[in-house]
Amino acid sequence: MSPGTGGSTVAVVEAYAELARRVLAGPTRLGRTRLVAVDGPSGAGKSRFAARLADALAGPLGGRPPVVHTDDLLDGWDDQLTFWPRLNEWVLAPLRNGEPGAYLRYSWVRQCFLPRPVPVPVAPVLVVEGVSAARAVVRPELTLAVFVTAPASLRLARAVARDGPEILPELRRWHEGERAHFAVDETATHADLLVDGAPTLPHDADRYYVRLR
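Cut-offs applied
Residues numbered from 1 in each chain as written. Predicted model: local features only at pLDDT ≥ 70, side-chain atom pairs only at ≥ 80, totals over all residues. Heavy atoms only, no water. pLDDT = per-residue confidence, 0-100. Contact = heavy atoms within 4.5 Å. Axes fitted to C-alpha atoms, helices over the stretch in contact; angles between N-to-C directions. Helix = DSSP H or I, 4+ residues; strand = E, 2+ residues; numbered from the N terminus. Parallel < 35°, antiparallel > 145°, perpendicular 65-115°, else oblique. Left-handed = near helix turned anticlockwise from the far one by under 90°. Nonpolar A, V, L, I, M, F, W, Y, C, P; charged D, E, K, R; others polar. Pairing = 2+ DSSP bridges. Buried < 20%, exposed > 50% of the residue type's maximum accessible area, 1.4 Å probe, protein only. Phe/Tyr/Trp six-rings, centres within 6.5 Å; stacked < 30°, edge-to-face > 60°. Lys NZ or Arg CZ within 6 Å of the ring centre and 35° of its normal.

(A) A look at the confidence of the model for the protein. When pLDDT is averaged along the protein, the result is 94; 96% of the residues meet or exceed 70. Across residues 1-6 the pLDDT falls below 50, and counting only partners more than four positions away or on other chains, this stretch makes 15 contacts in the model.

(B) View of the packing of helix α4 (residues 152-163) against helix α5 (residues 168-185). At a minimum axis distance of 11 Å, the contact between α4 and α5 shows a crossing angle of 140 degrees. The angle between α4 and α5 falls in the class oblique. Here the hand of the crossing between α4 and α5 comes out right-handed. Across the interface between the two elements, Arg155, Leu156, Ala159 and Val160 from α4 touch Leu168, Leu171, His175 and Glu178 from α5. When its residues are assigned to classes, the contact of α4 with α5 shows five nonpolar, one polar and two charged.

(C) Representation of the pairing of strand β5 (residues 112-120) in the model. Looking at chain direction, strand β4 (residues 101-107) and β5 are connected through six bridges and run antiparallel. The residue of β5 that forms the bridge with Leu104 is Pro117. Linking two consecutive strands that pair antiparallel, namely β4 and β5, is a turn of four residues; a positive phi of about 60 degrees is found at Gln111 within it.

(D) Spatial organisation of the environment of Cys112. With respect to the helices and strands, the residue Cys112 is situated in strand β5. We classify Cys112 as partly exposed; its relative accessible area is 34%. Other than its neighbours up to four places away in sequence, Cys112 contacts Arg105, Tyr106 and Ser107.

(E) A look at the environment of Val23. Secondary-structure assignment places Val23 in helix α1 (residues 16-25). When its relative accessible area of 2% is taken as the criterion, Val23 is described as buried. Linking Val23 and His203, residues 180 residues apart in sequence, is a C-alpha distance of 22 Å. Beyond its immediate sequence surroundings of up to four residues, Val23 is in contact with Arg34, Val36, Leu57, Val125, Thr143 and Leu144.

(F) Representation of the packing of aromatic side chains within the structure. By the definition in use, this model includes ten aromatic pairs. Taking 5.2 Å as the distance between ring centres and 75 degrees as the angle between the ring planes, the aromatic pair formed by Tyr106 and Phe113 counts as edge-to-face. By relative accessible area, which is 23% here, Phe113 ends up partly exposed. Grouped by ring-pair contacts, the aromatic residues Trp77, Trp90, Tyr106, Trp108, Phe113 and Trp174 constitute a single cluster. Lying across the ring of Phe83, Arg135 places its NZ or CZ 5.3 Å from the centre.

Below you can see the structure in the form of structure tokens.
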């Protein structure tokens, strides 16, 4: 079964280049910007997908679009879902008004926001990647909502390999929080594109992704 869909899984290999064309043909709903949200649970492969889509958009746009990672906006582990006003104030609201935004990046090492702003220009496309990036409140402004999924055991192993076993207590709490959010928000059900973050179909992963519906 496809997560959150209640239907049978059909896996199809599709090109990032074609998805980039689909995005650019879509409407601008955040001021003059097409907003793409790449959502899904931690460790599913959201960052990788967002990066490859941004690479595919770079050619037609004449430059890589900005990519904002919601992890950079979190005020530590306890800010898993409550960071949104910060994203809205610093990034979405200015772009909504046709003006550039900027945000402060959180340092997980120093446990504070760094003083140097990260600019977010007014661009034809903005990619926002992270848990709850496609939440209900922003759906009317999205040109494309993507949900990346992968088995829980693999996601846990990826996170531990990346950040070390010492994060396990916080990570388990984080997983519980995201499961509860996705259930209430029905994020996967409302996504335009459901992506397999652990595909078994043979394909060139730099140029293609596996769609689950």
